[in-house]
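# An overview of the molecular structure
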2 protein chains.
Amino acid sequence: MNRIISISREYGSAGRTIGQKLAEKLGINCYDSSLLDKIAEKTGFDKKYIKENGEYTSSGSWMLSALAGRDYNGHSIQDEIWNVQRETIIEIAEKESCVIVGRNADYVLKDKQDVLRVFITASSKARLNRVINEYHEDHGDAAKYLRMMDKRRRAYCQLYTDIHWGDAKYYDICMDSSVFGVDKCVEVLASLY
Amino acid sequence: MNRIISISREYGSAGRTIGQKLAEKLGINCYDSSLLDKIAEKTGFDKKYIKENGEYTSSGSWMLSALAGRDYNGHSIQDEIWNVQRETIIEIAEKESCVIVGRNADYVLKDKQDVLRVFITASSKARLNRVINEYHEDHGDAAKYLRMMDKRRRAYCQLYTDIHWGDAKYYDICMDSSVFGVDKCVEVLASLY
């Protein structure tokens, strides 16, 4: 049976880097950007649009997003992306063992036995440092931006899943990458796979 | 410098067992029941009373507990226990490296550098099984009892700390003992110490 590692993470917590290094160590694929390519291909939407709308609500409020942009049948473009994203994750999980970063893969694969559900956190200082120095993103008030990105991810999670984003109860293991460092996190997760 | 491991946990998640085995493996003391002895001695209250009132609110509501049992100076017996408990934890942490189970030691020692903050979860099934077969506790509806105990711990935490009980953000590592087993949790935590 294919064994999947899902990695959910706070914005700027190095969850993606941990996912990539972990996949490399285990000799399996890491779906992150490549997952977006697949979804973009299926929906016809631009990759950047998918990136935004498949993991973030447009505001920090799940309720506003629940109400926004619905057609006469009650569907929104965000729902369509959620559905394709969900199908794509299930297809990948049926095909191969792999790491999937973000996109609520933990929830999508909740009925699958062999999934290691990971959540990565980091201190605000480490996250700010990563956003500014590694992502080279300039959003004015970076701390405010971080809070908003987390809020939008949490709201998206609340809108489409019954997982409380970041609540330890919903994951097999949660680690603070700023305490242990990326390599130690990778080592521990590989030992648990 | 003394190095402390604080273990917070869901009721019935084997957090205490993990703490004891971890301390044994590392050759340090585990403060759980022995912490209660110290606090009982200092306050003159019965150990069972301390156990209840030093980690649980009387109801599942932090607000009711915040209002209940206050004298003319606004203090409650629960506040007194909190204060002595806090002092005792700080004294122990200054004296020796150790494991401290529960009692919000993570919050009490939040300004201390060398603390590994752990939170242990487990599936409802595993927790129910432990409460019934290992603790031999008979509370009628065990599932309801578990929910209430968690609710009372969360409310206590909300009343006295600024930690969101069980939110991965507030801990260095969170592990589900029903996924990995007690021994694997101990092994991972020992490797991170």
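Relevant structure appears above.
Take the relation of the copies chain A and chain B next. Mapping chain A onto chain B calls for a screw motion: a turn of 180 degrees about the axis and a shift of 0.0 Å along it, with 0.0 Å RMSD after fitting. This pairing of chains is accounted for by a two-fold axis. A high fraction, 100%, of the interface residues of chain A reappear at the interface in chain B, so the copies pair face to face through one surface.

So, on to the environment of R9(A). Residues and elements named next belong to chain A. The topology assignment puts R9 in strand 1 (residues 4-9). Sequence spacing of R9 and N129 is 120 residues, and the spatial spacing of their C-alpha atoms is 16 Å. With residues near it in sequence (within four places) discarded, R9 still touches G15, E55, V101, G102, F119, I120, R153 and W165. Within the structure, R9 has its side chain in polar contact with the side chain of E55 (distance 2.6 Å).

When the parts of a complex come together, some accessible area is lost, and that lost area is often used as the size of the interface. Each partner contributes to the interface: chain A provides 21 residues, whereas chain B provides 21 residues. Buried surface at the junction of chain A and chain B, summed over both partners, amounts to about 1600 Å²; 57% is from carbon and sulfur atoms. On the chain A side of the contact with chain B, K169(A), D172(A) and F180(A) bury the most area, a combined 28% of that side's loss. The interface formed by chain A and chain B holds 2 salt bridges in total. Taking the shortest distance from any N to any O, the salt bridge between E10(A) and K169(B) comes out at 2.6 Å. There are 7 residue pairs in polar contact (both at pLDDT 80 or more) connecting chain A and chain B. Of all the elements in the fold, those that place two or more residues in the side of chain A that touches chain B are strand 4 (115-121), strand 5 (173-176), helix 9 (177-180) and helix 10 (182-192) of chain A. As paired strands, strand 5 of chain A and strand 5 (residues 173-176) of chain B are joined by 3 bridges and run antiparallel to one another. Within strand 5 of chain B, the residue paired with M175(A) across the bridge is I173(B).

Each aromatic ring pair is summarised here by two numbers: the centre-to-centre distance and the angle between the ring planes. Tallying each qualifying case throughout the model produces 16 aromatic pairs over all chains. Between F119(A) and Y171(A) the ring centres are 4.9 Å apart and the planes differ by 45 degrees, which places this aromatic pair in the tilted class. Of the two residues, F119(A) sits in strand 4 while Y171(A) sits in the loop between helix 8 (142-160) and strand 5, which places them 52 residues apart along the sequence. Here the two residues F119(A) and Y171(A) agree in accessibility, since each one is buried. Cluster of aromatic residues (ring-pair linked, three or more members): W82(A), Y107(A), Y156(A) and Y160(A). Positioned above the aromatic ring of Y193(A) is the side chain of R3(A), whose terminal nitrogen or guanidinium carbon lies 4.2 Å from the ring centre. Sitting over the face of the ring of Y107(B), K110(B) holds its NZ or CZ atom 4.6 Å from the ring centroid.

Geometry of a packed helix pair, given as the angle between the helix axes and the separation of the axes. It is at 12 Å that the axes of helix 10 of chain A and helix 10 (residues 182-192) of chain B come closest, and there the two elements cross at 165 degrees. Classified by the angle between their axes, helix 10 of chain A and helix 10 of chain B sit roughly antiparallel to one another. The hand of the helix 10 of chain A/helix 10 of chain B crossing is right-handed. Touching K184(A), V188(A), S191(A) and L192(A) of helix 10 of chain A are K184(B), V188(B), S191(B) and L192(B), all from helix 10 of chain B. Split by residue class, the contact of helix 10 of chain A with helix 10 of chain B holds 4 nonpolar, 2 polar and 2 charged.

All right, on to the pairing of strand 1 (residues 4-9) of chain B then. Residues and elements named next belong to chain B. Where burial is concerned, most of strand 1 is hidden: 6 out of the 6 residues are buried. Residues I4, S6 and S8 of strand 1 are buried on one face, and the alternating residues I5, I7 and R9, pointing to the opposite face, are buried as well. Note that strand 1 and strand 3 (residues 98-101) share 4 bridges and pair parallel. Paired with I4 across the two strands is C98, which belongs to strand 3. Bridge analysis of strand 1 against strand 4 (residues 115-121) gives 6 bridges, and the strand direction is parallel.

Calculation criteria
Residues numbered from 1 in each chain as written. Chains lettered and ligands numbered in written order. Predicted model: local features only at pLDDT ≥ 70, side-chain atom pairs only at ≥ 80, totals over all residues. Heavy atoms only, no water. Least-squares fit on C-alpha atoms with pLDDT ≥ 70 in both. Contact = heavy atoms within 4.5 Å. Helix = DSSP H or I, 4+ residues; strand = E, 2+ residues; numbered from the N terminus. Polar contact = N/O pair within 3.5 Å; in protein donor to acceptor, adjacent residues only side chain to side chain. Buried area = accessible area lost by both parts, 1.4 Å probe. Salt bridge = Lys/Arg side-chain N within 4 Å of Asp/Glu carboxyl O. Pairing = 2+ DSSP bridges. Phe/Tyr/Trp six-rings, centres within 6.5 Å; stacked < 30°, edge-to-face > 60°. Buried < 20%, exposed > 50% of the residue type's maximum accessible area, 1.4 Å probe, protein only. Lys NZ or Arg CZ within 6 Å of the ring centre and 35° of its normal. Axes fitted to C-alpha atoms, helices over the stretch in contact; angles between N-to-C directions. Parallel < 35°, antiparallel > 145°, perpendicular 65-115°, else oblique. Left-handed = near helix turned anticlockwise from the far one by under 90°. Nonpolar A, V, L, I, M, F, W, Y, C, P; charged D, E, K, R; others polar.

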